[in-house]
Amino acid sequence: MKKDILEKGAILQRDRETYAIAPHIPAGITDTATLRKICDVADKYRVEAIKITSAQRIALIGLREEDLDDIWTDLAVTPGAAIGLCVRSVKICPGTTHCKRGVQDSVSLGLKLDSIYHAMELPNKMKMGVSGCMLSCAESALKDIGVMGTNKGWRIMVGGNAGARPRIGDLLVDNVPTEEAVLEIVAKVIDYYKNASNQNRIGRIIEEMGIERFREEVLGSHES
Ligand code: SF4
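No experiment lies behind these values; they were computed from the predicted model shown.

## Thoughts on the overall build of the protein chain
Looking only at helices and strands, the protein chain features seven helices and nine strands. Over its C-alpha atoms the protein chain spans a radius of gyration of 18 Å, differing by no more than 12% from the 17 Å that the globule rule assigns to 224 residues. Principal-axis analysis of the C-alpha atoms places the extent of the protein chain at approximately 55 × 40 × 25 Å. For the protein chain, the proportion of contacts with a sequence separation of at least 24, taken over those separated by at least 6, is 55%.

## Some details on the nonpolar core
Ranked by size, the top nonpolar core spans 35 residues in total, and within it M128, V130, I156, V158 and V182 carry the most contacts. Residue contributions to this core peak at six residues, all from helix 5 (residues 179–194). If near-sequence neighbours (up to four positions away) are discounted, V158 is found in contact with D144, I145, G169, D170, L172, V189, I202 and I206. Formed by eleven residues, the second largest nonpolar core is a distinct cluster that contains A10, V47, L60 and I71.

## Quick notes on the sheet that holds strand 2 (residues 19–21)
Strand order in the open sheet formed by four strands is 1-2-4-3, and the pairing between neighbours is antiparallel. Every interior strand has two partners, whereas the edge strands, strand 1 (11–12) and strand 3 (49–52), have only one. Alignment of strand 3 against strand 4 (residues 58–63), held across four bridges, turns out to be antiparallel. Bridging across to strand 4, I50 finds its partner in L60.

## Some words on the site of the ligand
Residues in close proximity to the ligand total 13 residues, the closest being C93, C99, G132, C133 and C137. Here the residues of the shell around the ligand sort into six nonpolar, six polar and one charged.

## Digging into helix 5
Compared with the 22 Å implied by 1.5 Å per residue over 16 residues, the 22 Å span of helix 5 between its first and last C-alpha is a close match. When we look at burial in helix 5, the residues that qualify are V182, I185, V186, V189, I190 and Y193. Down the axis, helix 5 shows its buried residues gathered within 140° of arc, on one side only. What points out from helix 5, more than 90 degrees from its buried face, is the exposed set E180, E184, D191 and K194. In the core, the buried residues of helix 5 are packed alongside helix 4 (106–117), strand 7 (145–150), strand 8 (153–158), strand 9 (170–176), helix 6 (202–209) and helix 7 (211–219).

## Description of the packing of helix 5 against helix 7
Following both chains from N to C, one finds helix 5 and helix 7 inclined at 100°, their axes separated by 9 Å at the closest point. The angle between helix 5 and helix 7 places the two elements in the roughly perpendicular class. Contacts from I185, K188, V189 and Y192 in helix 5 reach E217, V218 and L219 in helix 7. In the contact of helix 5 with helix 7, the residues fall into five nonpolar, no polar and two charged.

## A word on the domain arrangement of the protein chain
Domain annotation for the protein chain reports domain 1 (6–75) and domain 2 (91–219). Using C-alpha coordinates to define each centre, domain 1 is positioned 27 Å away from domain 2. Across the contact, six residues belong to domain 1 and seven residues belong to domain 2. Tallied by class, residues from the side of domain 1 that touches domain 2 come to three nonpolar, three polar and no charged.

## Let's talk about unusual backbone geometry
In this structure, Q56 is a non-glycine residue whose phi angle is positive, near 60°. With respect to the helices and strands, the residue Q56 is situated in the loop between strand 3 and strand 4. For Q56, a count of 21 C-beta atoms within 10 Å puts it in the buried group. Its identity as a non-glycine residue notwithstanding, A119 has a phi of 80°, on the positive side. Along the chain, A119 turns up in the loop between helix 4 and strand 6 (128–131).

## Some thoughts on the sheet that holds strand 8
The strand order 5-6-7-8-9 describes an open sheet built from five strands, whose pairing is mixed. At either end of the open sheet lies a strand with only one pairing partner, and these are strand 5 (91–92) and strand 9. In terms of strand pairing, strand 6 meets strand 7 through four bridges, oriented parallel. Across the sheet, the residue bridging to S131 is M148, located in strand 7.

Each value, and the rule that gives it
- Residues numbered from 1 in each chain as written.
- Predicted model: local features only at pLDDT ≥ 70, side-chain atom pairs only at ≥ 80, totals over all residues.
- Helix = DSSP H or I, 4+ residues; strand = E, 2+ residues; numbered from the N terminus.
- Rg over C-alpha atoms; globule rule 2.2 N^0.38 Å.
- Contact = placed C-beta atoms within 7 Å.
- Core = buried A, V, L, I, M, F, W, Y, C linked by C-beta atoms within 7 Å.
- Buried ≥ 20, exposed ≤ 12 C-beta atoms within 10 Å, placed from the backbone.
- Pairing = 2+ DSSP bridges.
- Near = placed C-beta within 6 Å.
- Nonpolar A, V, L, I, M, F, W, Y, C, P; charged D, E, K, R; others polar.
- Expected span 1.5 Å × (residues − 1).
- Arc of directions from axis to C-beta.
- Axes fitted to C-alpha atoms, helices over the stretch in contact; angles between N-to-C directions.
- Parallel < 35°, antiparallel > 145°, perpendicular 65-115°, else oblique.
- Domains from an automatic or database assignment.

Right, here's the structure in full:
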């Protein structure tokens, strides 16, 4: 019986025969040349459907298994981490780059996080979201690691997830003054999670140990 092909980023479809792939488009920001290339590939391989995903990717649906290697070659990108136990693409809102409500540069921070962590293998799947203000259009509170811009810097939340048992993330640290400081804190969370004996998603780990102890073990302080 067919199943997902992780190394080719290929997700088995409902027909149990064809696959979908979703090329990685950091921040969901693309250009006409990339879109033309995706359209050319879609035409060449007669895709059944093209779908904009919730992870800011463009999925090509209804692909034959024997075409997958050629499709990735034609797209000239490596398979994105749309599936598997790893960091998925980082959801990023337009922030101060384009949005009139933005107070922090979510695109800059989000792309840095994406370049460091996208596809990194971890004990479980991990989603990240970066929003340029507290309206949180990247749904930061529902991400394993979610960051929101505030007038004083950045708020970092941990342990959010959607799914069958949705969970709002806990506040880890508030008023983080710089991108660099956010990156340092996220690195500590990832480092802790990589070595955790508990293989659940971060939200479940926090439910067991409590946010105070999680914060202390990750950051070495009670500061929030
Ligand atoms: S979270 Fe704020 S900055 Fe980002 S798109 Fe929404 S309103 Fe704009």
